[in-house]
Amino acid sequence: MAIQTVNPFTNEVIRSFDEMNDESVDMFIAQSVKTFNSWKQTSYNISIVL
């Protein structure tokens, strides 16, 4: 079953999202941790350009 974002004024479905299983959630969290650990080592001078 999809999760939907609905405009409360018009009841228009803005976007639908598929539910994720535990493995997908774990994969996204692991990727986020990896990306954060890399980003936190980026110097300020480089990060402001990005």
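Bear in mind the structure is a predicted one, so any value in this text is a computation, not a measurement. (Residues numbered from 1 in each chain as written. Predicted model: local features only at pLDDT ≥ 70, side-chain atom pairs only at ≥ 80, totals over all residues. Heavy atoms only, no water.)

Undergrad: Pulling in residues and values, what's your account of the overall build of the chain?
TA: Check the secondary structure of the chain and you find two helices and two strands. If one aligns the C-alpha atoms of the chain with their principal axes, the spans along those axes are about 45 × 30 × 10 Å. Counting the 50 residues in the chain, one finds 0% classified as buried. As displayed, the chain offers around 4900 Å² of accessible surface, 58% of which is attributable to carbon and sulfur atoms. (Helix = DSSP H or I, 4+ residues; strand = E, 2+ residues; numbered from the N terminus. Buried < 20%, exposed > 50% of the residue type's maximum accessible area, 1.4 Å probe, protein only. Areas by Shrake-Rupley, 256 points an atom, 1.4 Å probe, with all protein chains shown as cover.)

Undergrad: Account for the pairing of strand 1 (residues 3-6), naming residues and giving values.
TA: The pairing of strand 1 with strand 2 (residues 13-17) spans four bridges and is classified as antiparallel. Each residue of the ladder has a partner; that of threonine 5, found in strand 2, is arginine 15. Here strand 1 folds back onto strand 2 in antiparallel fashion, the turn holding six residues, of which asparagine 11 has a positive phi close to 65°. (Pairing = 2+ DSSP bridges.)

Undergrad: Talk me through a nonpolar patch on the surface; I want residue IDs and the actual numbers.
TA: A cluster of nonpolar side chains, namely Met20, Val25, Met27, Phe28, Ile29 and Val33, defines an oily patch on the protein surface of about 550 Å² accessible area. Among the structural elements, valine 25 can be located in helix 1 (residues 22-39). Look at valine 25 and you get partly exposed, because its relative accessible area is 31%. (Patch = residues over 30% accessible without salt bridge, like charges linked within 9 Å, V, L, I, M, F, W, Y side chains within 5 Å. Salt bridge = Lys/Arg side-chain N within 4 Å of Asp/Glu carboxyl O.)

Undergrad: Before we move on, can you summarise the environment of serine 47 with the specific residues and values?
TA: Residue position: serine 47 is located in helix 2 (residues 44-49). For the pair formed by serine 47 and glutamate 12, sequence separation is 35 residues and the distance between their alpha carbons is 38 Å. Sequence-distant contacts of serine 47, that is, excluding residues within four places in its chain, are made with Trp39 and Thr42. (Contact = heavy atoms within 4.5 Å.)

Undergrad: With reference to specific residues and values, describe unusual backbone geometry.
TA: Despite not being glycine, asparagine 11 shows a phi value in the positive range, around 65°. Position of asparagine 11 relative to the elements: it lies in the loop between strand 1 and strand 2.

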